Amino acid sequence: MIADRLVRDAQGLYEQAKQRRYRIVTAESCTGGLIAASLTAVPGSSVVVERGFVTYSNDAKVEMLGVPSDLIERRGAVSMEVALAMVDGALKHSPADIAIAATGIAGPAGGSADKPVGLVHIAVGRRNGPRLHEEHRFGDIGRMRVQAESVLAAFALAGRVLD
């Protein structure tokens, strides 16, 4: 079951971060806080989770994370560039060591030929370290499933930054 995978993967990321004494910040759009919620479901997560930004609107991305509005206009909110800018903004606006960002189209509406439902851009970055990005095309598998799959993908990508 996907809920079991969320718990297991959140626990794994928590252990990796705790071992390295890293704090995590999230910057979420299409996942609506599910990354942070999954991490904070782990007992003792306050050792690892620093804060989370739910920046669902473009205005929130600009105001809370400092994502340039012209970048959103040029590339669209659902893009590699915006996901990476969300990581940079989350690190700039927190003392965390690791930032995890997700922006996408969970559906059932909102997709287009270029950016279909199920398209999600995930980025993870370490302060003064590597930044990674992945594009996922989960398809029109249902809103909650797109969100859950995005969280699992984000945890896997964050694990690579922590290695």
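Notes on the structure in this doc start here. (Residues numbered from 1 in each chain as written. Predicted model: local features only at pLDDT ≥ 70, side-chain atom pairs only at ≥ 80, totals over all residues. Heavy atoms only, no water.)

Scanning the protein chain for helices and strands turns up 6 helices and 5 strands. In the protein chain, the succession of helices and strands from N to C terminus is α-β-α-β-α-α-α-β-β-β-α. Taken over C-alpha atoms, the radius of gyration comes to 14 Å for the protein chain, in line with the 15 Å a tight globule of 163 residues would show. If you line up the protein chain on its principal axes, its C-alpha atoms span 45 × 35 × 20 Å. (Helix = DSSP H or I, 4+ residues; strand = E, 2+ residues; numbered from the N terminus. Rg over C-alpha atoms; globule rule 2.2 N^0.38 Å.)

It is worth spelling out unusual backbone geometry at this point. Along the chain, G107 connects to P108 via a cis peptide bond; the corresponding omega equals 5 degrees. Of note, P108 is situated in the loop between β3 (98-104) and β4 (119-126). Residue R21 is not a glycine yet carries a positive backbone phi of 60 degrees. Within the secondary structure layout, R21 lies in the loop between α1 (2-20) and β1 (24-28). R21 gets classed as exposed once you look at its relative accessible area, which sits at 77%. Here N128, not a glycine, exhibits a phi torsion of approximately 55 degrees, which is positive. Positionally, N128 belongs in the loop between β4 and β5 (131-137). (Buried < 20%, exposed > 50% of the residue type's maximum accessible area, 1.4 Å probe, protein only.)

Our focus in this paragraph is the sheet that holds β1. Picture the strands of a sheet paired through backbone hydrogen bonds; they go either parallel or antiparallel. Taken in spatial order, the 5 strands make up an open sheet running β2-β1-β3-β4-β5, and their pairing is mixed. With partners counted over all chains shown, the strands left at the sheet margins are β2 (49-54) and β5, one partner each. Neighbour-to-neighbour, the strand axes of the sheet open up by a mean angle of 10 degrees, direction not taken into account. Bridging between β4 and β5 involves 7 bridges; their strand directions are antiparallel. Bridged to G125 within β5 is R131. Against the sheet, helix α5 (residues 80-92) makes contact with β1, β2, β3, β4 and β5, and its axis sits at roughly 145 degrees relative to β3, the strand it touches most. Here helix α6 (residues 143-162) sits on the sheet and contacts β3, β4 and β5; the angle it forms with β4, its principal contact strand, is near 25 degrees. (Pairing = 2+ DSSP bridges. Axes fitted to C-alpha atoms, helices over the stretch in contact; angles between N-to-C directions. Contact = heavy atoms within 4.5 Å.)

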